[in-house]
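Residue-level listing of the chains:
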Amino acid sequence: MTTASAILTDYSQYVAMGFSMSVILSFTVWAIMKLWRFVIDIIKLSTPYR
């Protein structure tokens, strides 16, 4: 019984870690995309249209 509960605890910790990692990863990708858009807008504004 103790082994099953220990395995369950390890599994829940693993799931929580994976979930937090995916959240952090998606947030990082979103931030990079926002920053990329910002940089592109600045470049477009600084360079006049030909």
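Refer to the structure printed above.
Summary of the structure given here.

Cut-offs applied
- Residues numbered from 1 in each chain as written.
- Predicted model: local features only at pLDDT ≥ 70, side-chain atom pairs only at ≥ 80, totals over all residues.
- Heavy atoms only, no water.
- Helix = DSSP H or I, 4+ residues; strand = E, 2+ residues; numbered from the N terminus.
- Rg over C-alpha atoms; globule rule 2.2 N^0.38 Å.
- Buried < 20%, exposed > 50% of the residue type's maximum accessible area, 1.4 Å probe, protein only.
- Areas by Shrake-Rupley, 256 points an atom, 1.4 Å probe, with all protein chains shown as cover.
- Patch = residues over 30% accessible without salt bridge, like charges linked within 9 Å, V, L, I, M, F, W, Y side chains within 5 Å.
- Salt bridge = Lys/Arg side-chain N within 4 Å of Asp/Glu carboxyl O.

1. Let's talk about the overall build of the chain
Across its full length, the chain holds one helix and zero strands. Relative to the 2.2 N^0.38 estimate, which gives 10 Å for 50 residues, the radius of gyration of the chain is 22 Å and therefore markedly larger than a compact globule would have. Dimensions of the chain along its principal axes, counting C-alpha atoms only, are 75 × 10 × 5 Å. Classification of the 50 residues of the chain by burial places 0% in the buried group. Element-wise, carbon and sulfur atoms account for 76% of the exposed surface of the chain, whose accessible area totals about 5100 Å².

2. A look at the environment of Leu45
Among the structural elements, Leu45 can be located in helix H1 (residues 2-46). For the pair Leu45 and Val29, spaced 16 residues apart in the sequence, the C-alpha separation amounts to 24 Å.

3. Quick word on a nonpolar patch on the surface
On the surface, Tyr11, Tyr14, Val15, Met17 and Met21 cluster together into a nonpolar patch covering about 600 Å² of accessible area. Along the polypeptide, Tyr11 turns up in helix H1.

4. Looking at the environment of Ala16
Relative to the helices and strands, Ala16 resides in helix H1. Note: C-alpha distance between Ala16 and Ile32 (16 residues apart in sequence) is 24 Å.

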